[in-house]
Amino acid sequence: MAGLLLGSLLVFGGVGEHELLNWDDRSYVSNNPWVTNPNLSNTLDMFTQVRMSNWHPLTWLSFVPEYALCGDAAICYKLTNATLHAINSYLVVILAALVLHIISVNGWWRESDDLIYGYSQRHWAALFSGLLYLVHPQHVESITWIAERKDLLCGMFYFLAVITYCRPRSDSYWQNYRLPMLFFVLAAMSKSMAVSLPAILVVLDVFLLHANRLWNHRDIQFAIRVLLVEKLPFIVITLGLILLTLQSQSADKLETLSLTETLTLCLSGLQHYVLSFILPWGFVPFYPQEIVYESVLSFVPLLLVVGIGVVLLGKFGTFSRLMLAALFVAFFIVTIAPVIGIVKVGEQAYADRYSYIPMVGFYLVAGYLVVAALKISWQLTAAITVLAIGVLAGQSFAYKHTWQNDLVFWSAVVESYPDVAATPLDNLANSYASTASYQQAIELYERSIAIRPEGVSPYINMASIHEFLGEQEQALAVLARGAESNPDNAAIQSRAGRAHLLAGDQQAAESYLQMAHQLQPGLPTVLLNRGMLLLVIGELEAAIESLAAVPSTMPQHFEAGLLLVQAWAQLDTVTALQELAELRMLYGDDPQLMDLLRTLE
């Protein structure tokens, strides 16, 4: 374990110059009042509310002590991630050794009595599996992207659940299932991807733990008890987790694709994960959805890999080899299914972080093959393995710096996919804007609009730059273009209304905000800007109703809270002070809140 920890820190350390990214990092940490202002109320909210369309309270909770110690220093969070990855790599070693032991007990594999430097084949195979898992660049995204702490925590509890489930059994249901169930709950509280675990326990039963009894003896009564009845508590938890996940995802993140598009997206993801394991280069932080809709010929590599596997099994297949092949394929398919694109969320085609748990079987096979090759040529296999681990570690060490800051991050994506998709251009423009490179930002926003005129964010962000520079007419013109291109989008209509309100054109503001309210009355930005308008025109009760409806987990809540206190101050100072006290409970003694307090006292 100490060696794995040292290796992880060497490969994924050296991040002193890294910053928190605007791509989720700041929203998870420094702009998250649950993390920056820990108290009993905020801690309870972590477990009872959804934030950023996610419910993973253990992930939020893990950031609290780090923020108290390190604030915005990204190195703290990244070194913690590297430590968690070392723990997970050690768990992969344990899991590999356990699986090989079970295979040996089943009579599917006879381990050689020969020892290599005092260790058996099983232990060397497990060690190689863990080392490959530790250094493979496929995992860089999960480790060096702070927001992906949820991958590491979920992976740790997921592996612990599988390991404890594969232990020797007793006659007590509670003894057999208490630890797997506990770790399942903890994994689910870290990331909803853990939803696949109950199905994986069934996969383990069918193809590993009870394969002989289920396939050779065909004990139906035993199958019903083990595969269904004993799994009922897990199934109940899974159904609740699925319902919570679907409810937490905002409607604008869920996409409806045709059957052909869904199939193409799923196949593209499967091919990417398999090939990036075998040929580990060409990694990019963001893979635009637009790159996957290609011809059937683009899936030839995946078909070749599958074809070679089928041919080998057909020629050398035995019952045990078929069971093991089915085990690893089923583990991969079942664990990747929640994120493969069947339910499309977000704008990415696929993401390397999704492979953190599903690809474990590939590392176990790789470790076993290394040990098998040692019998053929010990020196050559050892040299190639050491070289491969060194090359993979070097790639991971270099690739992690792509997450250095927003500018480097999105420059890498745009360089790989220039003018293919709007999202990378939007985010690169945002990065330039944050460094006061406004002209470069505006040019990139225009490139984004040329690709996707119906996009909303480039119009809004470009208008914000013009407003910051005092170019009010240009800002209003940009928003007018956006509103015209997106007549059914409440966000752009609302933003245009806000701009006209701040410019003093109340009539135009009312027109835009009325349209936004008709389109999507519950949208937080609509509630905020409409409340601002109502406050300006003196309709205080209506303003209070609109501003109070902004959810506390949304970014607009802080500004809405400030305006809400100001509205109440004109009606009832006591209530205004109570509202202000609630804001301080959530956000702490923010300077704006303290200034407002002094005006009310």
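Residues numbered from 1 in each chain as written. Predicted model: local features only at pLDDT ≥ 70, side-chain atom pairs only at ≥ 80, totals over all residues. Heavy atoms only, no water.

> Explain the overall build of the chain to me, and be specific about the residues and the numbers.
Helix and strand content of the chain: 31 helices and 2 strands. Over its C-alpha atoms the chain spans a radius of gyration of 27 Å, differing by no more than 12% from the 25 Å that the globule rule assigns to 601 residues. Once the C-alpha set of the chain is aligned to its principal axes, its extents read approximately 85 × 50 × 45 Å. The buried share of the chain, taken over its 601 residues, is 52%. A separation threshold of at least 6 residues defines the contact pool for the chain, and within that pool the share at least 24 residues apart is 72%. Accessible surface computed for the chain: about 27,000 Å², of which carbon and sulfur atoms make up 63%. Distance between charge centroids for the chain: 15 Å, based on 30 positive and 49 negative side chains. (Helix = DSSP H or I, 4+ residues; strand = E, 2+ residues; numbered from the N terminus. Rg over C-alpha atoms; globule rule 2.2 N^0.38 Å. Buried < 20%, exposed > 50% of the residue type's maximum accessible area, 1.4 Å probe, protein only. Contact = heavy atoms within 4.5 Å. Areas by Shrake-Rupley, 256 points an atom, 1.4 Å probe, with all protein chains shown as cover. Lys, Arg positive; Asp, Glu negative; His and termini not counted. Charge placed at Lys NZ, Arg CZ, Asp CG, Glu CD.)

> Which residues make up the pattern of salt bridges, and what values go with them?
A side chain with one charge may pair with a side chain of the opposite charge, provided their charged atoms come close. For the structure shown, the criterion picks out 14 salt bridges. The residue Glu148 makes a salt bridge to Lys191 at a minimum N-O spacing of 3.9 Å. Remark: Lys191 occurs in the loop between α10 (173–188) and α11 (197–209) and Glu148 occurs in the loop between α8 (140–144) and α9 (149–165); sequence separation between them is 43 residues. With a relative accessible area of 2%, Glu148 lands in the buried category. (Salt bridge = Lys/Arg side-chain N within 4 Å of Asp/Glu carboxyl O.)

> Tell me what's going on with helix α26 (residues 506–519), and back it up with residues and numbers.
Compared with the 20 Å implied by 1.5 Å per residue over 14 residues, the 20 Å span of α26 between its first and last C-alpha is a close match. Of all the residues in α26, the buried ones are Ala508, Ala509, Tyr512, Leu513 and Ala516. The buried side chains of α26 occupy one side of the element, clustering within an arc of 120° when seen end-on. In α26, the exposed positions that point more than 90 degrees away from the buried face belong to Gln507, Gln514 and Gln518. (Expected span 1.5 Å × (residues − 1). Arc of directions from axis to C-beta.)

> Any details on the side chain of Thr525? Residues and values, ideally.
Looking at the element boundaries, Thr525 is found in helix α27 (residues 524–536). Exposure remark for Thr525: the relative accessible area of 18% places this residue in the buried category. The contacts of Thr525, once residues within four sequence positions are left out, are Ala491, Ser494 and Gln556.

> So what's going on with the packing of aromatic side chains? Which residues, and what values?
Throughout the structure, instances matching the rule amount to 24 aromatic pairs. Each residue in the set Trp23, Trp145, Phe283, Phe286, Tyr399, Trp403, Phe409 and Trp410 is aromatic and connected to the rest through ring pairs, giving one cluster. Its end group placed over the ring of Tyr354, Arg353 keeps NZ or CZ at 4.9 Å from the ring centre. (Phe/Tyr/Trp six-rings, centres within 6.5 Å; stacked < 30°, edge-to-face > 60°. Lys NZ or Arg CZ within 6 Å of the ring centre and 35° of its normal.)

> Kindly report on the state of the cysteines, identifying the contributing residues and their values.
According to the stated counting rule, one finds 1 disulfide in the structure shown. A disulfide bridge connects Cys70 with Cys76, and the sulfur atoms are separated by 2.1 Å. The sign of the -85° torsion about the S-S bond sets the Cys70-Cys76 disulfide as left-handed. In this structure Cys76 comes out as partly exposed when scored by relative accessible area, which is 22%. Not part of a disulfide, Cys154 finds its nearest cysteine sulfur in Cys166, a span of 17 Å. Residue Cys154 is classed as buried on the basis of its relative accessible area of 1%. Cys266 carries a free sulfur, and the closest cysteine sulfur to it, the one in Cys154, is 20 Å from it. (Disulfide = S-S within 2.5 Å.)

> Could you give an account of the environment of Leu263, with specific residues and numbers?
One can find Leu263 in helix α15 (residues 259–278). A sequence separation of 73 residues divides Leu263 from Ser190, and the C-alpha atoms of the two residues are 29 Å apart.

> Pulling in residues and values, what's your account of the packing of α26 against α27?
Between α26 and α27, whose axes approach to 10 Å, the crossing angle comes to 145°. For the pair α26 and α27, the crossing hand works out as left-handed. Here α26 contributes Gln506, Ala509, Glu510, Leu513, Ala516 and His517 to the contact with α27, which in turn contributes Val526, Asn529, Arg530 and Leu533. Looking at side-chain class alone, the contact of α26 with α27 contains 5 nonpolar, 3 polar and 2 charged residues. (Axes fitted to C-alpha atoms, helices over the stretch in contact; angles between N-to-C directions. Left-handed = near helix turned anticlockwise from the far one by under 90°. Nonpolar A, V, L, I, M, F, W, Y, C, P; charged D, E, K, R; others polar.)

> Quick rundown of helix α17 (residues 319–336)? Include the residues and the values.
Relative to the 26 Å expected for 18 residues at 1.5 Å per residue, α17 spans 26 Å between its end C-alpha atoms, a close match to the ideal helical length. When we look at burial in α17, the residues that qualify are Ser320, Met323, Leu324, Leu327, Phe328, Ala330, Phe331, Phe332, Thr335 and Ile336.

> I'd like a rundown of the confidence of the model for the chain, residues and numbers included.
Residue-level pLDDT values for the chain average 87, and 94% of them are 70 or greater. Element-level pLDDT for the chain is lowest in strand β1 (residues 254–255), with a mean of 56, against a maximum mean of 95 in α9. (pLDDT = per-residue confidence, 0-100.)

> Report on a nonpolar patch on the surface, specifying residues and quantitative values.
A surface patch of nonpolar side chains, about 460 Å² in accessible area, is lined by Ile220, Ile224, Leu228, Val229 and Leu232. With respect to the helices and strands, Leu228 occurs in the loop between α13 (220–227) and α14 (232–248). By relative accessible area, which is 45% here, Leu228 ends up partly exposed. (Patch = residues over 30% accessible without salt bridge, like charges linked within 9 Å, V, L, I, M, F, W, Y side chains within 5 Å.)

> How would you explain the environment of Met359 if you had to name every residue and give the values?
Structurally, Met359 can be placed in the loop between β2 (344–345) and α18 (360–374). Once the C-alpha coordinates of Met359 and Glu17 are considered, the two residues, 342 residues apart in sequence, prove to be 31 Å apart. Here Met359 is in contact with Gln138, Tyr273, Val274, Phe277 and Phe332, once residues within four sequence places are set aside.

> Residue-level account of unusual backbone geometry, with values.
One non-glycine residue, Asp419, lies in positive phi territory at about 55°. For Ala436, which is not glycine, the phi torsion reads 70° and is therefore positive. For Ala436, the position within the fold is in the loop between α21 (422–434) and α22 (438–451). Here Ala436 falls in the partly exposed class, since its relative accessible area comes to 47%.

> Talk me through the packing of helix α20 (residues 406–416) against α21; I want residue IDs and the actual numbers.
Where α20 meets α21, the axes come as close as 9 Å, and the angle between the chain directions of the two elements is 150°. Looking at the two axes, α20 sits roughly antiparallel to α21. Of the two possible hands of crossing, α20 and α21 adopt the one that is left-handed. Each of Asp406, Leu407, Trp410, Ser411, Val413 and Val414 in α20 lies in contact with α21, whose residues at this interface are Pro424, Leu425, Asn427, Leu428, Ser431 and Tyr432. For the contact of α20 with α21, the per-class residue count stands at 8 nonpolar, 3 polar and 1 charged. (Parallel < 35°, antiparallel > 145°, perpendicular 65-115°, else oblique.)

> Tell me about the environment of Val478, residues and numbers included.
Within the secondary structure, Val478 sits in helix α24 (residues 472–485). C-alpha of Val478 to C-alpha of Ser196: the two residues are 282 residues apart in sequence and 46 Å apart in space. Beyond its immediate stretch of four places on either side in the chain, Val478 contacts Tyr459, Met462, Ala463 and His466.

> Could you give an account of the side chain of Ser129, with specific residues and numbers?
Structurally, Ser129 can be placed in helix α7 (residues 121–135). If sequence neighbours within four positions are ignored, Ser129 has contacts with Val92, Ala96, Tyr363, Leu364 and Gly367.

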